[in-house]
Amino acid sequence: MNTGIFTDYESNVRRYGLSFPTVFTKALGATVWDEAGKPFIDFLVGSGALNYGHNNPDIIAPAIEYLVGENILLSLDMYTVAKREFIEVFVDSILKPRGLSYKIQFPGPTGTNANEAALALARKYTGRSSVMAFTNAFHGMSLGSLAMSGSASTRELGGVARHDVIRVPYDGYPNKAFDSASYIDFVLGDPGSGIEKPAAIILETIQAEGGLNTASAAWLIEIQRICRKHDVLLIVDDIQAGSGRTGDFFSFEFAKLEPDIVCLSKSLSGSGSPFSIVLIRPEIDIWKPGEHSGTFRGNNLAFVTARAMCKMWSDGQFTAGVERTAAKLQRHLDHLVAKFPNCIEQKRGRGLMAGLKCRSQAVVGRVHDVAFENGLLIESSGPNRDVIKVLPPITITDDDLEHGIAILDHALKEQANAH
Ligand SMILES: *Cc1c(COP(=O)(O)O)cnc(C)c1O
């Protein structure tokens, strides 16, 4: 495989290229092919940015039609037909059926752009400077998001001061016996706690990069109650867990949350095209025109594909299929946990956002390598990189799912036998 050009010219910062040392060229659904024609089942899906599979025909067809029609591609935040049609479908197919009412901000196209906008708005609205962020949180790579990161190495990136973030323990941190919600409630109410009232609490309902730590519905509801009690905004970073990943469109539906602000990105375009939005409870939308901006707020091709994706959620057959696939994946993973107790400690996650916490980073490293050799793309997460992240497309066929699981099973078996 000719990878010399990458070695010679691409920065040392590259990572996935090193862990999957081949050159990819084509993709359809859950399968990616390299230049030599070798197929790989994709359980990585652009770190959750390709939930609907590669080149999903229901999503790509309208984009092709749009591209050949001399339609608007970039529009800053001007009004366009494509944006109007996206908003209409997002409101009708996603917000209204869930009883949610939000204004939509279009920030720059990446996840961290959405989080930075959410933080700026929360700070402006409350007049307070700090935010509460959780242990093992990951919110992106720009300064405001980095400050909220739980990972020491990530937080230190950039080399400038990180302040105005109060670190609080996530659900189950440091162990199940500790009631982190009560702790947060207490310190917010106690004038002696030394902790100032924050503008917002920002959370992921499942910490993707943090190791698939999974918040319970009861904990999430309690955090929302605490936010309201202390007049603090609740921001849900649904960048990776949202857009269908858990089997529902929003990852917080199972707990019936109504966050003040929600950030979406990654799979929001449905196609892998960069796109993000910030959902804002109408009373909080105190932005002045042009106060927050960004060149790529009007990626119209993403409006077109996102609209096609959102429409799918009005189709009962589609949602039932996602639910079935999520249940199947969970059964497969339960089976692997029972079969390989000396490799796997526990299953984590919800729906199609799943992880296997392994006994060591070394086990995960070898499983990754053997899986890759045998045609499966998976990645690891967590502060100790000892969690296998299992993120198949939510639209994966039964055959592809079983094939991917069989490769994972084989890779785990090699490790189990090596012990
Ligand atoms: C990926 C991710 C981000 C950052 O998104 P970018 O597009 O990489 O800026 C933020 N929050 C969560 C939970 C993510 O998974």
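Residues numbered from 1 in each chain as written. Predicted model: local features only at pLDDT ≥ 70, side-chain atom pairs only at ≥ 80, totals over all residues. Heavy atoms only, no water.

With mixed pairing, the four strands of this open sheet are ordered in space as E1-E2-E3-E15. Two strands close off the open sheet at either side, each with one partner strand: strand E1 (24-28) and strand E15 (376-377). Inspection of the sheet shows strand E2 (residues 31-34) paired to strand E3 (residues 39-42) by three bridges, in the antiparallel sense. Note that in E3 the partner of valine 32 across the bridge is phenylalanine 40. (Pairing = 2+ DSSP bridges. Helix = DSSP H or I, 4+ residues; strand = E, 2+ residues; numbered from the N terminus.)

In terms of domains, the protein chain is made up of domain 1 (4-55 + 317-418) and domain 2 (60-312). Centre-to-centre, using C-alpha coordinates, domain 1 lies 25 Å away from domain 2. Across the contact, 27 residues belong to domain 1 and 29 residues belong to domain 2. Here domain 1 meets domain 2 over a buried area of about 2300 Å², counting both sides, of which 54% is carbon and sulfur. Looking at the side of domain 1 facing domain 2, the largest losses of area belong to Tyr52, Arg350 and Met353, adding up to 35% of the total buried there. For lysine 389, the salt bridge identified is with glutamate 209, shortest N-O distance 3.0 Å. Linking domain 1 with domain 2 are 18 residue pairs in polar contact (both at pLDDT 80 or more). At the level of secondary structure, the elements contributing two or more residues to the side of domain 1 that touches domain 2 comprise helix H3 (45-48), helix H12 (316-339), strand E13 (344-350), strand E14 (353-358) and strand E17 (387-390). For the side of domain 1 that touches domain 2, the class distribution of residues is 15 nonpolar, nine polar and three charged. (Domains from an automatic or database assignment. Contact = heavy atoms within 4.5 Å. Buried area = accessible area lost by both parts, 1.4 Å probe. Salt bridge = Lys/Arg side-chain N within 4 Å of Asp/Glu carboxyl O. Polar contact = N/O pair within 3.5 Å; in protein donor to acceptor, adjacent residues only side chain to side chain. Nonpolar A, V, L, I, M, F, W, Y, C, P; charged D, E, K, R; others polar.)

Right, let's talk about the site of the ligand for a bit. With respect to spatial proximity, the complete set of residues near the ligand consists of Thr110, Gly111, Thr112, Asn115, Phe138, His139, Gly140, Glu204, Asp237, Ile239, Gln240 and Lys266. Contacts to the ligand include threonine 112, whose backbone N or O atom sits 2.8 Å from an oxygen atom. The separation between a nitrogen atom of the ligand and a polar main-chain atom of phenylalanine 138 is 3.5 Å. Summarising the interface, the protein chains cover 82% of the accessible area of the ligand, which totals 380 Å² for the free molecule. Under a 2 Å grid-point criterion requiring more than half of the atoms, the pocket assigned to the ligand is the largest pocket. No other element matches helix H6 (residues 111-126), which puts three residues into the shell around the ligand. Per-class residue counts for the shell around the ligand are two nonpolar, seven polar and three charged. (Near = heavy atom within 4 Å. Areas by Shrake-Rupley, 256 points an atom, 1.4 Å probe, with all protein chains shown as cover. 1 Å grid on protein atoms, 1.4 Å probe; cavity = no way out; pocket = protein on both sides within 12 Å on 5 of 7 lines; lining within 4 Å. Sits in = over half its atoms within 2 Å of the grid points.)

Before going further, it helps to spend a moment on the packing of aromatic side chains. Evaluation of the coordinates by the stated rule reveals 21 aromatic pairs. Here tyrosine 16 and phenylalanine 20 contribute two aromatic rings whose centre-to-centre distance is 6.4 Å and whose plane-to-plane angle is 10 degrees, an arrangement assigned as stacked. Overall, the relative accessible area of 33% leaves tyrosine 16 in the partly exposed class. Joined through ring pairs, the aromatic side chains of Tyr52, Phe86, Phe90, Phe106, Phe249, Phe250, Phe252, Phe275, Phe303, Trp313 and Phe318 make up one cluster. In this structure, lysine 83 packs its charged tip against the face of phenylalanine 106, placed 5.0 Å from the ring centre. Lying across the ring of phenylalanine 254, arginine 350 places its NZ or CZ 3.5 Å from the centre. (Phe/Tyr/Trp six-rings, centres within 6.5 Å; stacked < 30°, edge-to-face > 60°. Buried < 20%, exposed > 50% of the residue type's maximum accessible area, 1.4 Å probe, protein only. Lys NZ or Arg CZ within 6 Å of the ring centre and 35° of its normal.)

The next thing to look at is unusual backbone geometry. A cis amide bond, omega -5 degrees, links tyrosine 173 with the succeeding residue proline 174. Assignment of secondary structure puts proline 174 in the loop between strand E6 (165-168) and helix H9 (180-189). Despite not being glycine, serine 47 shows a phi value in the positive range, around 55 degrees. Within the secondary structure, serine 47 sits in helix H3. Of note, the phi angle at arginine 385 is positive, near 45 degrees, even though the residue is not glycine. Residue position: arginine 385 is located in the loop between strand E16 (379-381) and E17.

Turning next to the pattern of salt bridges. The full count for this structure, using the stated rule, is 20 salt bridges. With its nearest N and O atoms 2.7 Å apart, the salt bridge here joins arginine 98 to glutamate 253. With a gap of 155 residues between them, arginine 98 in the loop between helix H5 (81-95) and strand E4 (103-105) and glutamate 253 in the loop between strand E10 (233-237) and strand E11 (261-264) connect regions that are remote in the sequence. With a relative accessible area of 23%, arginine 98 lands in the partly exposed category. Between lysine 347 and aspartate 334 there is a salt bridge whose closest N-O contact spans 2.9 Å. Placement of the pair is lysine 347 in strand E13 and aspartate 334 in helix H12, with a sequence separation of 13 residues. A relative accessible area of 28% places lysine 347 in the partly exposed class. Among the residues examined, aspartate 334 registers a relative accessible area of 40% and is labelled partly exposed. Where salt bridges share partners, they join Arg15, Glu209, Glu379 and Lys389 into one cluster.

The next subject is the layout of surface pockets. Space inside the largest pocket adds up to approximately 1200 Å³. Counting residues per element, the lining of the largest pocket draws most heavily on H6, at three residues. When its residues are assigned to classes, the lining of the largest pocket shows 20 nonpolar, 23 polar and seven charged. Taken domain by domain, the makeup of the lining of the largest pocket includes at least three residues from each of domain 1 (4-55 + 317-418) and domain 2 (60-312). Put simply, the second largest pocket is a space of about 540 Å³. Breaking the lining of the second largest pocket down by element, the ones donating at least two residues are H5 and E4. Ranked by the residues each element gives to the lining of the second largest pocket, the list is headed by H5, at four residues. Across the lining of the second largest pocket, the residue classes tally to nine nonpolar, four polar and eight charged. (Points joined across faces, edges and corners; volume = space filled by probe spheres on them.)

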